[in-house]
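Single-letter residue listing:
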Amino acid sequence: MGSGTAERIRVGVIGCGQIGKQHIAHHAGNDNVELVALADIAEGELERVADQYGVPHRYTSFRDLLARDDIAAVDVCLHNNFHMPATVAALEAGKHVFCEKPMAGSWTDANTMRTAARDLGLELGIQNRLYFTAETKAARRLLDEGQLGSVYHGRSTGFRRMGRPYVDGYGSPTFVQKRNSGGGALYDMGVYHICRLLYLMDNPDPLRIAGQTYQKLPMDEQRRQESGYDVEELAVGMVRFAAGATLEITEAWAMHLDGLEGAYLLGDRGGVRLEPFGWYHSHGDLAVDSTPDLQIEAFRQRFVHQVGDVYADPQSHWIAGLQGRVELLPTADIALNCMLISEGIYLSSRLEREVTAEEIKAASVSTAVSI
């Protein structure tokens with residue numbers, strides 16, 4: 001965690017559910033954070049979590065939390081379709097915002113969030129732990145050093161054999177209901193993987209998208225009825241970027257396969273596979289397959305180059321940025337393009353054809369739920 005060398009950031013958290021508890025625990029253990037207040041409509045759970053972490057102020061209305069003038073930043077940990085209303089309200093209250101992924105339930109809601117933050121001059125961060133893995137950091141370093149040259153193609157993958165929320169035994173029904181989540185495997189898992197590739201590719205502008213979504217595998221009928229399952233279990237897509245590069249996407253909650261080959265990037269001087277990490281390049285006529293020791297690199301970055309906590313994880317990075325100790329990664333800009341791609345796959349699947357970025361923006365409608 002942080003060293004506490006800068007002024008502590010006073011934080012409030014909206015949402016004490018499964019994800020909220022993870023964020024709260026992280027903030028509570030960060031010396032650079034003073035956790036001031038929590039908000040949740042479930043009063044009993046709110047009190048239990050606040051007592052567990054010694055948080056002094058508790059609210060069943062998040063707007064009462066936002067009314068406090070001693071909170072500098074707010075962490076939004078709600079269901080996808082609640083992200084935009086809570087985030088915009090927090091920004092309008094003068095708070096910096098860190099929001100759980102995906103950015104929102106639709107591109108237009110995500111754009112509303114990004115526009116509000118820019119217009120108000122406040123920081124908006126979107127959670128993605130994959131930016132801070134050893135594999136992503138190593139790939140970023142190789143890219144910055146020009147070891148891959150010009151990147152022209154990437155592949156984003158996410159795999160579960162039988163991992164649909166609720167109907168396969170994990171999570172709550174809200175994960176598989178469009179009215180709460182906006183989407184399925186793409187919004188739950190895909191945003192992690194797509195955003196990571198966009199980050200490594202320097203967030204190029206999507207130009208055209210083709211995709212298809214599926215809900216094919218059988219499920220327990222009682223769980224189907226109880227959940228109202230109406231989102232995809234598998235999504236595939238192809239993105240063409242304005243810069244000429246392309247990105248393939250496969251994201252599965254459930255499929256009859258033993259796994260996917262993982263994410264990779266191809267450049268004209270080299271390529272990387274992210275998991276397991278490999279660096280592939282040529283030395284004259286030699287085709288070289290490298291397997292760098294990522295643990296040694298991580299150790300040296302922390303203790304030789306004294307990078308510290310500023311790239312340790314999403315929350316620590318966000319707090320360090322608010323303290324002025326590091327320039328924040330453009331996570332909202334990346335997440336906004338990810339929303340465009342995800343919604344483009346949905347639209348392409350419905351229309352059964354390739355769609356343009358402008359078509360996606362024009363077709364996007366708010367899925368936000370008033371709170």
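Look up: the structure comes first, before these words.
Quick caveat, the model's predicted, so the values are computed rather than measured.

**Q** In this structure, what is going on with the packing of helix α1 (residues 18–28) against helix α2 (residues 43–53)? I would like to understand it.
**A** Two measures define how a pair of helices packs: the angle their axes make with one another and the distance between the axes. The geometry of α1 relative to α2 is characterised by a closest axis approach of 11 Å and an angle of 20° between their N-to-C directions. Put simply, α1 runs roughly parallel to α2. For the element pair α1 and α2, the recorded crossing hand is right-handed. In contact with Lys21, Ile24, Ala25 and Ala28 of α1, α2 contributes Glu45, Arg48, Val49 and Tyr53. Each residue belonging to the contact of α1 with α2 can be placed in one class, and the counts come to five nonpolar, no polar and three charged.

**Q** What exactly am I supposed to notice about the pairing of strand β7 (residues 151–158) here?
**A** It is a general feature of regular strands that their side chains alternate between the two faces of the sheet. Most of β7 sits out of view: seven of its eight residues are buried. With four bridges connecting them, β7 and strand β11 (residues 264–267) associate as antiparallel partners. Pairing of Arg155 across the sheet is with Tyr264, part of β11. Bridge count for β7 against strand β10 (residues 246–252) is six bridges, and the pairing is parallel. The partner of Gly158 across the bridge, within β10, is Glu251.

**Q** How should the sheet that holds strand β9 (residues 234–241) be read in this particular structure?
**A** The strands making up a sheet are joined through hydrogen bonds of the backbone, oriented either antiparallel or parallel. Strands sit in the order β14-β13-β12-β11-β7-β10-β9-β8-β15 across an open sheet of nine strands; the sheet is mixed. A single partner strand is all that each edge strand has here, and the edge strands are β14 (286–290) and β15 (355–356). As paired strands, strand β12 (residues 270–273) and strand β13 (residues 278–283) are joined by four bridges and run antiparallel to one another. Each bridged residue has a counterpart across the sheet, and for Gly270 the counterpart in β13 is His281. Sheet contacts for helix α8 (residues 185–200): β7, β9, β10 and β11; angle to β10, the most-contacted strand, approximately 155°.

**Q** Help me out: how do you make sense of helix α6 (residues 134–144) in this one?
**A** Along an α-helix, a turn takes 3.6 residues, which lines up residues three or four apart on a common side. When α6 is considered as a whole, its buried residues turn out to be Thr136, Ala138, Ala139, Arg140, Leu142 and Leu143. Check the buried side of α6 and you find it contacts β7, α8, β11, β12, β13 and α10 (294–303). Gly146 lies just past α6 and shows a positive phi near 80°.

**Q** Explanation requested: the nonpolar core in the structure shown.
**A** In globular proteins that are soluble, nonpolar side chains generally tend to be buried together. Met103, Met113, Leu265, Phe277 and Ile341 are the most contacted members of the largest nonpolar core, which totals 76 residues. Of all the elements, helix α12 (residues 331–351) adds the most residues to this core, at eleven residues. When near neighbours in sequence (up to four residues on either side) are disregarded, Leu265 contacts Leu143, Leu148, Val151, His153, Gly154, Leu197, Leu200, Met201, Gly271 and Val272. Ranked by size, the runner-up nonpolar core spans 18 residues in total, among them Ile9, Val11, Ile24 and Trp318.

**Q** What is the right way to look at the sheet that holds strand β4 (residues 73–76) in this model?
**A** Taken together, six strands build an open sheet; the order of strands is β3-β2-β1-β4-β5-β6 and the sheet is parallel. Of all strands in the sheet, those with a lone pairing partner are β3 (57–59) and β6 (124–126), marking the two edges. Geometrically, the sheet is characterised by an average inter-axis angle of 25° between neighbouring strands, direction not taken into account. Both strand β5 (residues 96–99) and β6 contribute to a ladder of three bridges, which runs parallel. Bridging from a neighbouring strand, Cys99 pairs with Ile126 of β6.

Scoring rules and cut-offs
- In this convention, every chain numbers its residues from 1, walking through the sequence in written order.
- In view of the model being predicted, local features appear only for residues whose pLDDT reaches at least 70, and side-chain atom pairs are presented and counted only at 80 or more, with totals across whole chains, interfaces and linings using the full set of residues.
- Side-chain figures throughout are based on the complete set of non-hydrogen atoms in the structure, without hydrogens or water.
- Think of each axis as a best-fit line through the C-alpha atoms, taken over the contacting stretch in the case of a helix, with angles from 0 to 180 degrees between the N-to-C directions.
- Only runs of H or I of at least four residues qualify as helices and only runs of E of at least two qualify as strands under DSSP, and these elements are numbered from the N terminus.
- Angles are sorted into four bins: roughly parallel if under 35 degrees, roughly antiparallel if over 145, roughly perpendicular if 65 to 115, and oblique for all others.
- Each crossing is labelled by how the near helix is turned from the far one, with a counterclockwise turn of less than a right angle marking it left-handed and a clockwise turn marking it right-handed.
- Note on definitions: a residue-residue contact is assigned when non-hydrogen atoms from the two residues lie within 4.5 Å.
- Polar here means any residue other than Ala, Val, Leu, Ile, Met, Phe, Trp, Tyr, Cys and Pro, which are nonpolar, and Asp, Glu, Lys and Arg, which are charged; Gly is therefore polar.
- Only protein chains enter the accessibility calculation, which uses a 1.4 Å probe. A residue is then buried if its area is under 20% of the maximum for its type, exposed if over 50%, and partly exposed in between.
- Any two strands with at least two DSSP bridges between them are considered paired.
- Residue types Ala, Val, Leu, Ile, Met, Phe, Trp, Tyr and Cys, when buried and joined through side-chain atoms within 4.5 Å, form a set referred to as a nonpolar core.

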